[in-house]
Amino acid sequence: MEARDATAGAFVGTSREKTSAKKDAAPKAVKPRTKSRMEEIFGFKKEDLSSWENLVALLNRPTDPASLGIFRCLFGLLMAIDVTQERGLSHLDYKYLDGAPVCRFPLFNFLEPLPLDWMYLVYLVMFLGALGIMLGCFYRLSCLMFISTYWYIFFLDKTAWNNHSYLYGLIGFQLTIMDGNRYWSLDGLRKPSIKNAHVPLWNYTLLRTQIFIVYFIAGVKKLDADWVEGYSMSYLAHHWLFDPFKLILPVELVSLLVVHGGGLVLDLTAGYLLFFDATRPVAFFFVSYFHCMNSQLFSIGMFPYTMLATSLLFCYADWPRRFFARFPSFLSGVLPLTSEQIQPSTSCLYPENRSSSERRESQSPAKASKMRLKHKLGAVFTVLYIAEQFFMPYSHFITQGYNNWTNGLYGYSWDMMVHSRSHQHVKITYKDGKTGEIGYLNPGVFTQSRRWKDHGDMLKQYATCLSGLLPHYNISDPEIYFDIWVSINERFQQRIFDPRVDIVKAEWLPFKPNPWLMPLLVDLSPWRTKFQEIEGSLDNQTEIVFIADFPGLHLENFVSEDLGNTSIQVLQGQVNVEIVDEKKNHTLQPGDQIKVPAGAYHKVYTISESPSCYMYVYINTTEAALQQNFTKLLELQERIRNGTETEPLPPELQPLIAADDDREAEVNATDPVVQLFLKRQRRMKEVKKRREAGVLERLDRFAVKKYYTIRRGFLMTAIAIRNLVVGLPPVEQLRKEVAFANMKEPEAETEADPGETLKHEVGHAEL
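Predicted model only: the values in this text are computed from it and were never measured.

Basis of the calculations
- Residues numbered from 1 in each chain as written.
- Predicted model: local features only at pLDDT ≥ 70, side-chain atom pairs only at ≥ 80, totals over all residues.
- Heavy atoms only, no water.
- Axes fitted to C-alpha atoms, helices over the stretch in contact; angles between N-to-C directions.
- Helix = DSSP H or I, 4+ residues; strand = E, 2+ residues; numbered from the N terminus.
- Parallel < 35°, antiparallel > 145°, perpendicular 65-115°, else oblique.
- Left-handed = near helix turned anticlockwise from the far one by under 90°.
- Contact = heavy atoms within 4.5 Å.
- Nonpolar A, V, L, I, M, F, W, Y, C, P; charged D, E, K, R; others polar.
- Pairing = 2+ DSSP bridges.
- Salt bridge = Lys/Arg side-chain N within 4 Å of Asp/Glu carboxyl O.
- Buried < 20%, exposed > 50% of the residue type's maximum accessible area, 1.4 Å probe, protein only.
- pLDDT = per-residue confidence, 0-100.
- Expected span 1.5 Å × (residues − 1).
- Phe/Tyr/Trp six-rings, centres within 6.5 Å; stacked < 30°, edge-to-face > 60°.
- Disulfide = S-S within 2.5 Å.

**Q** Mind laying out the packing of helix H6 (residues 116-135) against helix H7 (residues 139-156), listing which residues take part and the relevant values?
**A** Contact geometry of H6 with H7 gives a least axis separation of 7 Å together with a crossing angle of 135°. Considered as vectors, H6 and H7 are oriented oblique to each other. Remark: the crossing between H6 and H7 carries left-handed chirality. Across from Met-119, Val-122, Tyr-123, Val-125, Met-126, Leu-128, Gly-129, Ala-130, Gly-132 and Ile-133 in H6, the residues of H7 making contact are Ser-142, Cys-143, Met-145, Phe-146, Thr-149, Tyr-150, Tyr-152, Ile-153 and Leu-156. Class assignment of the residues belonging to the contact of H6 with H7 gives a composition of 15 nonpolar, 4 polar and no charged.

Here it is, written out as structure tokens:
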């Protein structure tokens, strides 16, 4: 019997020989081969790399298909769920509504979405492909169904690109060319010849190396100074998940040491720790903890669970057999195989120096000892694919047109969470090419995405789209200018694109640098330490915005009437402040300060030869007054409930007597401040109840929410397929069908409108 391959702890695996009881009873003793130190650690010998033939033989070494089969099943399941979630099946009609004037951002401009009903068919094919991968049913066809539709949708919308969506497509592609249906698959029941058959080692090598690259390159990218110094994700330290660390460390150190330091160390070491047997249990603990935290910190769909599933690939390839062998025997009919009798496969290369019993097995036509073309192609593909994956994160010197302040199209660089952005000011100006009329557009008009603000290629596509839509609104030959202010990793707010350039006529090429991209003012990065000192000296009601601008440019700003006591203070350079209504100009040097009127426009010109730096300091007087009123109402409500309030209440304050969850009192309140206060109290009580809910209640709420989300996706798909097959029904019937699909859980139906939730109320965005 062939020794069982126990590939684990290495990209190419190790080999453990487990001899059966019958073999132990054989009359002729076989002296076990002594392994070298390198073979014990890495799973292969130095000689395996000494020539091309030896490398081909190594990569095509027969390997247990069990671990690959389990991963295939888990990946297919997670992708089937992902189709309804992050891929967007449940809200597809909002994204691809027929006839709506929408600007889209495909990778190639000729790519366009199909009509809505056909898009539902595309998603159905993708879902069935993922389901087929999970079941191992018509495996190659299922993989092709999944990756063809997946990559079409991926290329259709650059605004949805991220690292894990790119990873899903890569894994789907890899599984397409692998023998993933050799274990626990319906194909194995249809074709006994492939059931429980060996797979070549390169199947595991590709997947393990891919996951190693994800971790390691992500760690290398985190060696960026912004990450090491704790500026990239500083806000995460305030999340409740880090409360245990805050018992022994201040928030600043939690951010620096746990969030940034821990993330850096884990990404750099996870691949190596998963590699070796001795360190794999430690890696499993930290990697699992890391991904479980990420599932709560970010809305990243199935990515944490997919990465947990990939961790199993680093175990010995026969781990499912040993794991499921511990289950009761009456479950063996539905559980994966636990037998160690693995069929030979023509996809593998078997060594010549085998025992006599193995030679008798080699007479089977399924075994191949001679190196064939497909073995060489598998090895060539493995080497080229790994080289390409190491090269892609650093290929931005080729696609220079996609480079902005960060390199390349976000998604294939593995620079996960290294950069955080905030946008303070976005202005879109159009100019009629014939009349010269100037007007302004709402930022994001005719689009459902916000990512165009950070990418020059998307901005060019957006401007081109707007130039085609505005003539329908009597604006001829429009020129379009963008003034976008961005702060990256807590730096100054500054322009990212030149506001003087008409983007419609501006040149953009994928392989040349973007000429209208403004440089990131990295020389001003040390100011961030000063920012923290300034912000720490302010009270809770005072807000501050730090601005940096280029020589020769100016910022036109409007101060809302809600913002009283707004002032500008210069930190560096020289500026000229023009109060538009007063027609006055004031020149400011570093340290100078001027108060600007509320409810009016002003302009700040940079007149120094170097970039100017200044800050807005303001108080939201409306919010401050509202907070004071809330405090007084809360104190009054407490006195009413504990019986210490002796004065009679006026009619407008009578609703304060009601309970926090009394919606009728909230509706009947005549005073708008009282009404807002009661709404705030009710919402805070709901938030508190949700946060203090037990595990079972949380799971129930999660399951119900996902059920209605998935339900809507499949009902809308059924409606679309019916429309394609038999045609559109009467409008009234279609309206009722969509209304039925839109039905939500009872609790959600009784909640307030999302636009009225607490996070949208003045002064309560933190909740």
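**Q** Account for the sheet that holds strand S13 (residues 600-606), naming residues and giving values.
**A** Reading across from one edge, S8-S13-S10-S11 is the order of the 4 strands in this open sheet, with antiparallel pairing throughout. The open sheet has two edge strands, strand S8 (554-559) and strand S11 (584-588), and neither has a second partner. Going from strand to strand, the sheet's axes swing by 20° on average, the running direction of each strand aside. As paired strands, strand S10 (residues 575-579) and S11 are joined by 5 bridges and run antiparallel to one another. If you follow Glu-578 over to S11, its bridge partner there is Asn-585.

**Q** So what's going on with the pattern of salt bridges? Which residues, and what values?
**A** This structure, assessed with the given rule, holds 26 salt bridges. For Arg-87, the salt bridge identified is with Glu-86, shortest N-O distance 3.6 Å. Judged by its relative accessible area of 25%, Glu-86 falls in the partly exposed class. Ionic pairing is found between Arg-491 and Asp-226, a salt bridge with its closest N-O pair at 2.7 Å. With Arg-491 in the loop between strand S5 (479-488) and strand S6 (494-495) and Asp-226 in helix H11 (residues 225-228), the pair connects residues that are 265 residues apart, well separated along the chain. The two residues Arg-491 and Asp-226 agree in class, both being buried.

**Q** For the confidence of the model for the protein chain, give the residues involved together with the corresponding values.
**A** Averaged over the protein chain, the pLDDT score is 87; the fraction of residues at 70 or greater is 89%. Segment residues 749-767 is flagged for pLDDT under 50; beyond a separation of four residues in sequence, or across chains, it makes 30 contacts in the model.

**Q** Break down the sheet that holds strand S3 (residues 421-431) for me, citing the residues and quoting the values.
**A** Strand order in the open sheet formed by 4 strands is S4-S3-S5-S6, with antiparallel pairing between adjacent strands. The strands lining the two open edges of the sheet, one partner per strand, are strand S4 (438-441) and S6. Along the sheet, helix H19 (residues 456-469) contacts S3, S4 and S5; its crossing angle with S5, the most-contacted strand, is approximately 150°.

**Q** Before we move on, could you go through helix H4 (residues 66-84) and cite the residues and values that matter?
**A** The end-to-end C-alpha distance of H4, which contains 19 residues, comes to 28 Å, matching closely the 27 Å that a straight helix rising 1.5 Å per residue would cover. Here H4 lies mainly inside the structure; 16 of its 19 residues are buried.

**Q** I'd like a rundown of the packing of aromatic side chains, residues and numbers included.
**A** By the definition in use, this model includes 47 aromatic pairs. When the ring of Trp-151 is compared with that of Tyr-166, the centres are 6.5 Å apart and the planes differ by 80°; the resulting orientation is edge-to-face. With Trp-151 in helix H7 and Tyr-166 in helix H8 (residues 163-176), this pair connects stretches of sequence that are 15 residues apart. For Tyr-166, a relative accessible area of 8% gives the class buried. Between Phe-154 and Trp-161, the ring centres sit 4.6 Å apart and the planes meet at 10°, which makes this aromatic pair stacked. The same class applies to Phe-154 and to Trp-161, which are both buried. An aromatic cluster of at least three residues, connected via ring pairs, comprises Phe-71, Phe-75, Phe-108, Phe-110, Phe-146, Tyr-150, Trp-151, Phe-154, Phe-155, Trp-161, Tyr-166 and Trp-414.

**Q** How would you explain the state of the cysteines if you had to name every residue and give the values?
**A** Inspection of every chain in the model, using the stated rule, returns 1 disulfide. Linked covalently through their sulfurs, Cys-103 and Cys-465 form a disulfide whose S-S length is 2.1 Å. Here the S-S torsion is close to -85°, and the disulfide linking Cys-103 with Cys-465 is therefore left-handed. Note that Cys-103 is positioned in the loop between helix H5 (92-95) and H6 and Cys-465 in helix H19, a separation of 362 residues in sequence. Overall, Cys-103 belongs to the buried group, its relative accessible area being 3%.

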